[in-house]
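Listed below, chain by chain, are the residues.
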Amino acid sequence: MPQEIEPKTIDRTWLGLYDRPHRDLREFLERAESIGEVTRVKGANWDLEMGALAEIVNHKRSEAPALLFEGIPGYPAGFRVLSGSGNSSKRMALMLGFPMPQTAIDVVLAYRDRMKHHKPIPPTLVKQGPILENIDRDEDVDLGKFPVPRVHEKDGGRYIGTEDLVIMRDPDQGWVNASTYRVQLHSKNSAGLWMSPGKHGRQIRDKYFKQGKPCPLLVCCGHDPLLFLAAANEIKFGVSEFDYAGGHRGEPYEVIPSEIHSLPIPAHAEIVLEGEIVPGDVHAEGPFGEFTGYYASPQSEQPVIRVRRVYYRNDPILTMATPMRPPSDMSFGRSIVKSGMIWDAIERAGISGIKGVWCHEAGAMRMFNVISIKQAYAGHAKQAALVATGCQAGAYLGRFVVVVDDDIDPTNMFDVLWAISTRCDPALDIEVIHRMWSGPLDPIIPHGSPANYSSRALIDACRPFERIKDFPPVVGATPELRAKVATKFAGILSKI
Ligand SMILES: Cc1cc2nc3c(=O)[nH]c(=O)nc-3n(C[C@H](O)[C@H](O)[C@H](O)COP(=O)(O)O)c2cc1C
Ligand SMILES: [Mn+2]
């Protein structure tokens, strides 16, 4: 058998405009700007103005452009902040190497196709890269040199890590996890780290702390948005987000071993902090306005990162995500990826007939997820709902999973509510599952509760399978009648 050789760009097209992935965040921004997907903003203050502008712009319209803040008062002219790197169908497709999308579902479908042959590609070790242009060591570390935003009015401070990667090595198995956890600026060389119970970084931290050891880490605060996509989504424990993102890119990321802990620094990143958290070394952290739309967890004592190295490029770009009452500068992009991941998980569980998945932004991209299926047998709908609510991509902080027939567009809230209203008999078709994975950010869990659980409702809004054939027919003209009448009265219709 000849060995199967997969060309690098087998299924990658970057909107049909490029034949290789962007090298880094800067090249991604150039490409996005050339198709009108970036707006530059001069003169916004780090203190609340960038956060409020992100809110105004993203509440004004869906798929708003990314905002590149430059000329930030009080900072060197070239030091920039970026909001909303991947928050549109086009930016998401550009990031992942997909064709030009017409709708969000096109991106979800492309993601699902990609995952049929996606293979993780581990990073390549290199010695040099632009991230080494500047290195501040020990007493020269001063996080205050970056225009770190205070995002919302009731936040407990400034957050240097929002669209970040917290990079740690599992002490037992040696694999590297890279995930998005919020990081608050405490002083010129210290920062706070908040990780919810169950998250991989939290599990890894606990392994070090149980042995009484410090947990070494890097915080990358500006990078290719594809790395953020991997870091901010629940992928398998034991699979490095670097490898997963590399698999989408079709080429390995280049990484440089860090000076103190030999952790992988993305060679083309913008700003990377290196340090460690130490058992018992804590400081007040938060509150922080979160993605559910609430300040759900009050200030609490959290581990302190003692920062001993800061690596940064000339004129660095800090990436910022602005959680808020949705929609936000990341909610659209996250709906796309979460929908693709849950769809993929249902199919990997062996279930057929899935026609669409959409995790609504109004449900904070996790809490109101709709699946449409072509029912093939009794119990099909509930089987899909159970996987969607229990799979790794869908389990954390979920709430409602709704399954609808394939004549309902899962992205259309009006149609979904019509299906729930008319095809779901609450006593029979709503299943409640108790004590599922959640955490302190869940507004339904009382402050300080040690029980980080919440329940799920699985809503079967499909026609009952045994009655599919004789369920009352839907009222509406046939396509033929509609077309005939629309043609005859085209003149009137064009004025309405
Ligand atoms: C902008 C943003 C900020 C986030 N902040 C946190 C956080 O502070 N703590 C946390 O536990 N999860 C946070 N998350 C969610 C995690 O990134 C997500 O659950 C991810 O899958 C965690 O990685 P892991 O699966 O390797 O644990 C955030 C997500 C986003 C998009
Ligand atoms: Mn992980």
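These figures come from a predicted structure and were not determined experimentally.

What about the overall build of the protein chain?
- Helix and strand counts for the protein chain come out as 14 helices and 22 strands.
- Compactness check: the protein chain gives a C-alpha radius of gyration of 24 Å against a globular reference of 23 Å for 496 residues, within 12% of the reference.
- Over its C-alpha atoms, taken along the principal directions, the protein chain stretches across nearly 75 × 60 × 50 Å.
- Evaluated residue by residue, the protein chain yields a buried proportion of 48% over its 496 residues.
- Taking all contacts inside the protein chain whose residues are at least 6 apart in sequence as the whole, residues at least 24 apart take part in 70%.

A few points about the site of ligand 1
- The immediate surroundings of ligand 1 are formed by 20 residues, with Ser-179, Arg-182, Ser-196, His-200 and Ala-321 found nearest.
- When residues of the shell around ligand 1 are traced back to their parent elements, those giving at least two are β8 (176-179) and α5 (200-210).
- Partitioned by chemical class, the residues of the shell around ligand 1 number eight nonpolar, eight polar and four charged.

Focus: the sheet that holds strand β3 (residues 80-83)
- The mixed open sheet is built from four strands, whose spatial order is β1-β2-β3-β17. Of all the strands in the sheet, just β1 (38-42) and β17 (317-320) have a single pairing partner and so form its edges. Recorded for the sheet is a direction-independent mean angle of 25 degrees between the axes of neighbouring strands.
- In the sheet, strand β2 (residues 66-70) pairs with β3 via three bridges, with the strands oriented antiparallel.

What about unusual backbone geometry?
- Of note, the amide linkage connecting Gly-286 to Pro-287 takes the cis form, showing an omega dihedral of -5 degrees.
- Mapping Pro-287 onto the fold places it in the loop between β15 (282-285) and β16 (300-312).
- Note that the residue after Pro-326, namely Pro-327, is joined by a cis bond; omega there is 0 degrees.
- Note on placement: Pro-327 falls in the loop between β17 and α8 (331-348).
- Backbone geometry at Met-365 places phi at a positive 65 degrees, although glycine is not the residue there.
- Tracing the backbone shows Met-365 in the loop between β18 (354-359) and β19 (368-373).

Overview of the domain arrangement of the protein chain
- For the protein chain, the domain assignment lists domain 1 (14-320) and domain 2 (349-467).
- Computed from C-alpha coordinates alone, the two centres of domain 1 and domain 2 are separated by 30 Å.
- Residue-level contacts link 17 residues of domain 1 with 15 residues of domain 2.
- Looking at the side of domain 1 that touches domain 2, its residues break down into eight nonpolar, six polar and three charged.

Thoughts on the environment of Gly-379
- Relative to the helices and strands, Gly-379 resides in the loop between β19 and α9 (380-390).
- Linking Gly-379 and Asp-138, residues 241 residues apart in sequence, is a C-alpha distance of 61 Å.

Observations concerning helix α4 (residues 104-117)
- Among all positions of α4, only Ala-104, Val-107, Val-108, Ala-110 and Tyr-111 are buried. The arc that holds every buried residue of α4, seen down its axis, measures 165 degrees, which confines them to one face. Opposite the packed face of α4, turned more than 90 degrees from it, sit the exposed residues Lys-116 and His-117.
- Of the surrounding elements, those touching the buried residues of α4 are α3 (89-96), α8 and β18.

Some words on the nonpolar core
- The biggest cluster of nonpolar side chains holds 131 residues, and the ones touching the most others in it are Ile-167, Ile-371, Ala-384 and Val-403.
- No other element matches α8, which puts eight residues into this core.
- When residues of this core are sorted by domain, at least three fall in each of domain 1 (14-320) and domain 2 (349-467).
- Non-local contacts of Val-403, meaning those with residues more than four positions away in its chain, are made with Ile-371, Ile-373, Ala-381, Ala-384, Ala-385, Asp-460, Ala-461 and Cys-462.

What to know about the environment of Arg-334
- Following the sequence through the fold, Arg-334 ends up in helix α8.
- Taking C-alpha positions, Arg-334 is 8.6 Å from Gly-86, a pair spaced 248 residues apart along the chain.

Notes on the sheet that holds β19
- Across the sheet, which stays open at both edges, the five strands sit in the order β18-β19-β20-β22-β21 with mixed pairing between neighbours. Strand pairing shows two members of the sheet lacking a second neighbour, β18 and β21 (430-437), which therefore form its edges. Mean inter-strand twist for the sheet, computed between neighbouring axes without regard to direction, equals 20 degrees.
- Note that strand β20 (residues 400-405) and strand β22 (residues 453-461) share five bridges and pair parallel. The partner of Val-402 across the bridge, within β22, is Ile-459.
- Seen against the sheet, α9 touches β18, β19, β20, β21 and β22 and runs at an angle of roughly 155 degrees to β22.

Things to note about the packing of α8 against α9
- Viewed as axis vectors pointing N to C, α8 and α9 meet at an angle of 125 degrees, and their least axial separation amounts to 9 Å. Regarding the angle of α8 to α9, the classification is oblique. Crossing handedness for the pair α8 and α9: right-handed. Contact residues: α8 offers Ile-342, Ala-345 and Ile-346, while α9 offers Ala-384, Val-387 and Ala-388.
- Here the residues of the contact of α8 with α9 sort into six nonpolar, no polar and no charged.

With respect to the pairing of β19
- Among the six residues of β19, six are classified as buried, and the element is accordingly described as predominantly covered.
- Relative to β19, β18 runs antiparallel, the two being bridged by five bridges. The partner of Cys-359 across the bridge, within β19, is Asn-369.
- Pairing between β19 and β20: six bridges, direction parallel. Within the sheet, the bridge partner assigned to Ile-371 lies in β20 and is Val-403.

The rules behind the values
- Residues numbered from 1 in each chain as written.
- Chains lettered and ligands numbered in written order.
- Predicted model: local features only at pLDDT ≥ 70, side-chain atom pairs only at ≥ 80, totals over all residues.
- Helix = DSSP H or I, 4+ residues; strand = E, 2+ residues; numbered from the N terminus.
- Rg over C-alpha atoms; globule rule 2.2 N^0.38 Å.
- Buried ≥ 20, exposed ≤ 12 C-beta atoms within 10 Å, placed from the backbone.
- Contact = placed C-beta atoms within 7 Å.
- Near = placed C-beta within 6 Å.
- Nonpolar A, V, L, I, M, F, W, Y, C, P; charged D, E, K, R; others polar.
- Pairing = 2+ DSSP bridges.
- Axes fitted to C-alpha atoms, helices over the stretch in contact; angles between N-to-C directions.
- Domains from an automatic or database assignment.
- Arc of directions from axis to C-beta.
- Core = buried A, V, L, I, M, F, W, Y, C linked by C-beta atoms within 7 Å.
- Parallel < 35°, antiparallel > 145°, perpendicular 65-115°, else oblique.
- Left-handed = near helix turned anticlockwise from the far one by under 90°.

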